[in-house]
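Read off the chains here:
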Amino acid sequence: MRIHLCVAGLACLVAGHATATDLPRVFMTSVSGNGDLSTWPDAHGLTGLAAADEICRTRAEAATLADADQYIALLSDSHDDAYCRWHGDTGKRAANCNQAVFPTGAGPWYRMDDLAQMDVAQNAVGDGTQGGYVPRHILYDELGTALDPTNESADLAFTATTTDGTGDAANTCGDWTSASGDVGLGNPFYGFGNIAGGSWTCDQSLRLICMEKGQHGPPLPRAHPPSARVVFTTSSAGSGDLSSWADAGGATSLDAADNICRAHAARAGLALPDSFKAWLSTSSVDAIDRIVNDGVWYRVDGVRFAGSIAGLVNGLLEAPPQLDENGRVAFATDSVWTGTTPDGRSSGSTCTDWNDGTDTSFGGVGQDLAVDSLWTKVAFFNPGCSDPFPHLYCLADNDSLFRGDFD
């Protein structure tokens, strides 16, 4: 068993020498097919989970990945949970994966660009109230080809796995032997734990997510660079009348939003808390024009969020903004007031410039578990302004903390 001592963005130390080629990978397959996995050419006559794993091994071999025979699909069926399979075990997570002691330690996993994608298994899964630690989305197939966020439906994957790594037994395409029925999805740009939280039908042509099973190293480090500009999603939420939020400080509209961000930053001990501004537009002010200083932003765990102002609006972030000011991955923190389109401009849905907390108007929201344009605007959903659940995005806007020497 290979044991890697890994730091996000750096090569691993393996048997005394540094190499990136031996990193345990997670990728989307470049090939696709329906839910009867035996029909995929790379299945080589196998069925069910055995077919899925054969497909992953074949794709890993095609990409000349180290230990290609150890790759499996991020896939569950009615008998085996993906969480158990990550560890090289079988059975259900609730039954300790058929082991005397609950297995931990599988992972972490890295994308094809060598950046950390998924923490060790026990940290990467959610618990129903909090999301797991998946610092970046997958984004690449086994050949290192970037997937296209403008054609997202072509990049979805079969998973039949929930956010805690257990199987969705009712939606497994007949344990991967049928092209009929419904199935749970994975998404390279959206979702907790590589799980989109949606479903499709088994007759669709979808991909698989593949990963190397087994234990590869310690958990991923989480510490924001002390001199970095930080972005976070507020831990608190409220209606579209921002003056009603506890931290508004008597202000309204954008001033209330900025007060809320600064109060959260100060309580979390973030540097220069008074520099934070909300990513928020009104009918007359665009969010992108509120950011004065250009540069790199990092989440509070040290993962790069965007490299510049342009990076906020180019259609694909470097990491989802799903951590709050304390570094917590909030499972239910998916709606965020923005009133802002993917190009950083006002969407026109701004809860009467964030002064209305009733359902007589609507507010545009983003979703903090996305790296594509959904992070700032969900085209199919503008909630009523009385909705108490959306949060705010907060970005440091200063030029004195900028450093560009972190991964």
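Note that the structure is a prediction, hence the values are computed from the model and not measured.

**Some points on the overall build of the chain**
A tally of helices and strands in the chain yields seven helices and 17 strands. Scaling as 2.2 N^0.38, a compact globule of 407 residues should have a C-alpha radius of gyration of about 22 Å, and the chain matches this with 22 Å. Contacts spanning at least 24 positions in sequence make up 66% of the contacts within the chain whose residues lie at least 6 apart. In the form shown here, the chain has an accessible surface area of approximately 14600 Å², with 51% of it arising from carbon and sulfur atoms.

**What to know about the pattern of salt bridges**
Within the structure shown, the criterion is met by 16 salt bridges. Here Arg-25 makes a salt bridge to Asp-114, at a shortest N to O gap of 2.8 Å. Taken together, the residues Arg-25 in the loop between strand S2 (17-19) and strand S3 (26-28) and Asp-114 in the loop between strand S5 (109-110) and strand S6 (116-118) connect sequence positions 89 residues apart. You can call Arg-25 buried: its relative accessible area is 6%. Overall, Asp-114 belongs to the partly exposed group, its relative accessible area being 25%. In this structure, the salt-bridge partner of Asp-286 is Arg-345, at a minimum N-O distance of 3.2 Å.

**A few points about the packing of aromatic side chains**
Any aromatic ring pair is given by two values, namely how distant the centres are and how the planes are angled relative to each other. Applying the stated rule across the entire model yields 10 aromatic pairs. Arranged with centres 5.9 Å apart and planes meeting at 35°, the rings of Phe-27 and Tyr-71 form a pair that is tilted. Of this pair, Phe-27 sits in strand S3 while Tyr-71 sits in strand S4 (residues 71-73); the two residues are 44 residues apart in sequence, bridging distant segments of the chain. On the basis of relative accessibility, which here comes to 0%, the residue Phe-27 falls in the buried class. What links up through ring pairs into an aromatic cluster is the set Tyr-83, Trp-86, Phe-102 and Trp-109. For the cation-ring pair, Arg-229 lies above Trp-297, with the distance from its terminal atom to the ring centre recorded as 4.2 Å.

**Structural notes on the state of the cysteines**
The final tally for this structure, using the stated rule, is five disulfides. The side chain of Cys-84 participates in a disulfide bridge whose partner is Cys-97; the two sulfur atoms lie 2.0 Å from each other. The sign of the -75° torsion about the S-S bond sets the Cys-84-Cys-97 disulfide as left-handed. Within this pair, whereas Cys-84 is found in helix H2 (residues 82-86), its partner Cys-97 is found in the loop between H2 and S5, the two being separated by 13 residues in sequence.

**Comments concerning the pairing of strand S17 (residues 391-396)**
Most of S17 sits inside the fold, with six of its six residues counted as buried. Pairing between strand S11 (residues 229-233) and S17: three bridges, direction antiparallel. Looking at S17, one finds that Val-231 is bridged to Leu-395. Where strand S15 (residues 335-337) and S17 come together, two bridges link them in parallel fashion. When the sheet's bridge partners are listed, Trp-337 is paired in S17 with Leu-392.

**Quick notes on the confidence of the model for the chain**
Interpretation of the predicted coordinates at a detailed level should be avoided for regions scoring low in pLDDT. When pLDDT is averaged along the chain, the result is 90; 91% of the residues meet or exceed 70. For residues 1-19, every residue scores under 50 in pLDDT, and the model assigns this stretch 49 contacts once sequence neighbours within four places are set aside. Note that residues 401-407 has pLDDT below 50 and, in this model, 23 contacts with residues that lie over four places away or in other chains.

**A closer look at the side chain of Ser-253**
One can find Ser-253 in helix H5 (residues 253-267). The class of Ser-253 is buried, set by a relative accessible area of 14%. Here Asp-353 takes part through its backbone oxygen, which lies 2.9 Å from a polar atom of the side chain of Ser-253. Excluding residues that lie within four positions of it along the chain, Ser-253 makes contacts with Leu-242, Thr-282, Asp-353, Trp-354 and Asn-355.

**Considerations on empty space enclosed by the protein**
Scanning the entire structure with this criterion turns up one cavity of 30 Å³ or more. One number sums up the size of the largest cavity: a volume of about 40 Å³. Lining the largest cavity, in full, are Leu-74, Trp-86, Ala-124, Val-125, Thr-161, Thr-162, Thr-163, Gly-165, Gly-193 and Ile-195. Looking at the lining of the largest cavity residue by residue, the classes come out as five nonpolar, five polar and no charged.

**With respect to H5**
The end-to-end C-alpha separation of H5 is 22 Å, in line with the 21 Å expected for 15 residues at 1.5 Å each. Among all positions of H5, only Ser-253, Leu-254, Ala-256, Ala-257, Asp-258, Ile-260, Cys-261, Ala-263, His-264 and Ala-265 are buried.

Parameters at a glance
Residues numbered from 1 in each chain as written. Predicted model: local features only at pLDDT ≥ 70, side-chain atom pairs only at ≥ 80, totals over all residues. Heavy atoms only, no water. Helix = DSSP H or I, 4+ residues; strand = E, 2+ residues; numbered from the N terminus. Rg over C-alpha atoms; globule rule 2.2 N^0.38 Å. Contact = heavy atoms within 4.5 Å. Areas by Shrake-Rupley, 256 points an atom, 1.4 Å probe, with all protein chains shown as cover. Salt bridge = Lys/Arg side-chain N within 4 Å of Asp/Glu carboxyl O. Buried < 20%, exposed > 50% of the residue type's maximum accessible area, 1.4 Å probe, protein only. Phe/Tyr/Trp six-rings, centres within 6.5 Å; stacked < 30°, edge-to-face > 60°. Lys NZ or Arg CZ within 6 Å of the ring centre and 35° of its normal. Disulfide = S-S within 2.5 Å. Pairing = 2+ DSSP bridges. pLDDT = per-residue confidence, 0-100. Polar contact = N/O pair within 3.5 Å; in protein donor to acceptor, adjacent residues only side chain to side chain. 1 Å grid on protein atoms, 1.4 Å probe; cavity = no way out; pocket = protein on both sides within 12 Å on 5 of 7 lines; lining within 4 Å. Points joined across faces, edges and corners; volume = space filled by probe spheres on them. Nonpolar A, V, L, I, M, F, W, Y, C, P; charged D, E, K, R; others polar. Expected span 1.5 Å × (residues − 1).

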